[in-house]
Amino acid sequence: QVQLVESGGGLVQPGGSLRLSCAAAGRRFNALGWYRQAPGKERELVAVITSAGSTNYADSVKGRFTISRDNANNTVYLQMNSLKPEDTAVYYCNAQLFYSPTTYYWGQGTQVTVSS
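Read on for an overview of the structure. (Residues numbered from 1 in each chain as written. Predicted model: local features only at pLDDT ≥ 70, side-chain atom pairs only at ≥ 80, totals over all residues. Heavy atoms only, no water.)

The next subject is the overall build of the protein. Scanning the protein for helices and strands turns up 0 helices and 11 strands. What you see for the protein is a C-alpha radius of gyration of 13 Å, in line with the 13 Å of a compact globule of 116 residues. The principal-axis extents of the C-alpha atoms in the protein amount to approximately 45 × 25 × 20 Å. Here the protein holds 116 residues, and the buried ones make up 41% of them. Look at the contacts in the protein between residues 6 or more apart in sequence, and 53% of them connect residues 24 or more apart. (Helix = DSSP H or I, 4+ residues; strand = E, 2+ residues; numbered from the N terminus. Rg over C-alpha atoms; globule rule 2.2 N^0.38 Å. Buried < 20%, exposed > 50% of the residue type's maximum accessible area, 1.4 Å probe, protein only. Contact = heavy atoms within 4.5 Å.)

This is the structure:
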């Protein structure tokens, strides 16, 4: 059974930092990523990292967010710096199965609020 357990969300002031974590268990995964959904908006890609370490970022977070992973523990991290109010959203972890690349799983989501 696949489980994605997220942690690290919260309230932070503009310019602050947060680190999100997602522990993925139950299968072998290729790409691990983070998406976000703000109220009234569609879910969008924030960042993704493959098992080989290749990364891709949304233009809006380049230079501010860093995605990384610990393959031994199947954990993906999102370090978010210089946070802006427009980063406020529910952040979801996403995991692609290694042996079934069209199969993805989602975490339950963690709220990130950037406000003074």
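Let us look at the state of the cysteines. Using the criterion set out here, one finds 1 disulfide in the structure. Here Cys22 pairs with Cys93 through a disulfide, and the sulfurs are 2.1 Å apart. Because the sign of the S-S torsion sets the handedness, a value of about -80° for the bond joining Cys22 and Cys93 places this disulfide among the left-handed ones. Of this pair, Cys22 sits in strand β3 (residues 18-25) while Cys93 sits in strand β9 (residues 89-97); the two residues are 71 residues apart in sequence, bridging distant segments of the chain. Taking the relative accessible area as the measure of exposure, Cys93 reaches 0% and is therefore buried. (Disulfide = S-S within 2.5 Å.)

Another point: the sheet that holds strand β1 (residues 3-7). Read from one edge to the other, the open sheet built from 4 strands follows the order β1-β3-β8-β7, with strand pairing classed as antiparallel. Each of the sheet's edge strands pairs with one partner strand only, and the pair in question is β1 and β7 (65-70). Direction aside, the axes of adjacent strands within the sheet are offset by 15° on average. Both β7 and strand β8 (residues 75-80) contribute to a ladder of 6 bridges, which runs antiparallel. In the strand pairing of β8, Ser68 is matched with Tyr77. (Pairing = 2+ DSSP bridges. Axes fitted to C-alpha atoms, helices over the stretch in contact; angles between N-to-C directions.)

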